[in-house]
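Given next are the chains, with one letter for each unit.
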Amino acid sequence: MNEIIIENAYIAPVAGPEIESGYIRIEGDRIAALGPGPAPGGPGGATRIDGTGCLATPGLVNTHHHLYQWASQGLAQDATLFEWLVALYRVWAAMDADVVKGAATAGLGWLALSGCTTSSDHHYVFPQGRGDLLAASIEAAREVGIRFHPARGSMDRGESRGGLPPDVVVERLDDILAATAAAIEAHHDPSFSSMVRVAVAPCSPFTASAELMTESAALARAAGVRLHTHVAETLDEDEHCMEQFGMRPVDYMEKLGWLGPDVWFAHTVHLRDADIGKLAATGTGSAHCPSSNGRLGAGIARVPEMLRRGVNVGLGVDGSASSELTLLAGEMRQALLFQRARHGPDALTARQALELATLGGARNLGREDELGTLEPGKLADLVLWRVDGPFTAAVTDPVCALVLGPVPTPARVLVGGRSVVVDGELRTVSQDAAGRAGADARRRLMRLAEDTGR
Ligand SMILES: [Zn+2]
């Protein structure tokens, strides 16, 4: 069995007290023990990693993303969400499996480099005859080596039905349900230590019909998988829901049977007190994406209020087209700064921000028994952050250095005990090749979009 001992690290387990200088023993893909001082019994035959100058945290969990958007970064830079979507739908309509594979390889590699060990991906554009896009993203995750929660997204409410997207990027309800069931059957692994779990994820209230939302919920619940969608991201969405459904987004979700402990929503920026109460009472989670909300001028989510009332909050980078090269680790700082700018310096602590990025994320994905904290029996998904650089070493609190400072280099990123990043470099795939795959995906998508537009 693969045995690893990390020693001399500052350990922030998220659950339980921090350890100033301690060890973590890993056996196979699990954490076997951790504690202060050197590892009892010595290294034996274990691989020893010296964590001197490093902070050990649980691996970060990304709970909202659109990996394919790596191929469409930097477009419609000053647009509102709805303007931005309308500008991009026609570009995305041209994507194929090669675009998705390249974009996902770059996007997941980039996530791993900022300490992400588990990522979800909400893919909701499936143009016909363009290959198996979901399988392409799963293949990329397998190569990069991080845990992956592909959410099979969908849209069936095109312009002709009062929705936002052009009809060319939406699918028929029956086709969506069949493809989603097939994706669960082919890829979903519910086991402890699973590397791939599928979720069901109609895109949003303004792109999915009520029937698609309710049928999707029934399908997911019958299959025992989770539900995800965008909710209350912008005031435009509020207006759309009032106009079309006569109620605001969270009420609409409630009516459709879309609140519950198996559901997590992206954004939840525009919530009334009653909405927060509903999320708390039903155990519905939130994926907070502060950089994307800032980039699109969407607003600032009510994170402290949600936490105070017991709503689970995780973090997300959101798609690269609305937040470009967002580092997941950097979202801890962005979340903290937004809340402090609005509510004052005690609105969110560095340790709370770390908890959002780890345990909060694990809960959103239904994996708090496996991930999100450093505890014996949990999976050995962890990051050793180098916090002893010539400049960062002056910060004596390593958690403060991680959250409030510039994102440190990960000396190691382990997923199930496997080294995905060593000394700030990807080890599972060539870092240069992963970067090139993303750039190639962009060129390919722009060429395909030009061809189809002609
Ligand atoms: Zn999104």
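Residues numbered from 1 in each chain as written. Predicted model: local features only at pLDDT ≥ 70, side-chain atom pairs only at ≥ 80, totals over all residues. Heavy atoms only, no water.

Engineer: For this particular structure, what's the right way to read the coordination of the zinc ion?
Structural biologist: Put simply, the ideal angle at a metal is 109.5 degrees for four donors in tetrahedral geometry and 90 or 180 degrees for six donors in octahedral geometry. Taken together, H64 (NE2), H66 (NE2), H230 (NE2) and D318 (OD) make up the full set of protein donors to the zinc ion, lying 2.1 to 2.5 Å away. For the zinc ion, the 4 donor atoms in the first shell make angles of 88 to 177° at the metal, a pattern classed as irregular. Each donor residue of the zinc ion belongs to the same chain, and together they define the spacing H-x1-H-x163-H-x87-D. Here the residue H64 occupies a position in the loop between β6 (60–62) and α1 (81–92), and H230 occupies one in strand β10 (residues 226–231), the gap between them amounting to 166 residues. When sorted by exposure, H64 lands in the same class as H230, which is buried. (Donors = N, O, S within 2.8 Å, 3.2 Å for Na, K, Ca; no water. Tetrahedral: all angles 85-135°; square planar, octahedral: opposite > 155°, others 65-115°. Helix = DSSP H or I, 4+ residues; strand = E, 2+ residues; numbered from the N terminus. Buried < 20%, exposed > 50% of the residue type's maximum accessible area, 1.4 Å probe, protein only.)

Engineer: Looking at this structure, how should I read unusual backbone geometry?
Structural biologist: What you tend to see is this: most non-glycine residues have negative phi, and most peptide bonds are trans. At A232, a residue that is not glycine, the phi angle is positive and equals roughly 55°. Following the sequence through the fold, A232 ends up in the loop between β10 and α6 (235–245). You can call A232 buried: its relative accessible area is 0%. Within the chain, D318 stands out as a residue other than glycine whose phi angle is a positive 60°. By the element assignment, D318 lies in the loop between β13 (313–315) and α11 (320–323).

Engineer: Please clarify how helix α4 (residues 173–187) should be interpreted in this entry.
Structural biologist: The periodicity of an α-helix, 3.6 residues per turn, causes residues three or four places apart in sequence to face the same way. Across its 15 residues, α4 extends 21 Å between first and last C-alpha, which sits within 8% of the 21 Å expected from 1.5 Å per residue. Of the positions making up α4, those classed as buried are L173, I176, L177, T180, A183 and I184. All buried residues of α4 fall inside an arc of 125° around its axis, so they share one side. In α4, the exposed residues that point more than 90 degrees away from the buried face are E185 and A186. Summarising the contacts, the buried residues of α4 are in contact with α3 (133–144), β8 (147–154), β9 (199–202) and α5 (210–223). (Expected span 1.5 Å × (residues − 1). Arc of directions from axis to C-beta. Contact = heavy atoms within 4.5 Å.)

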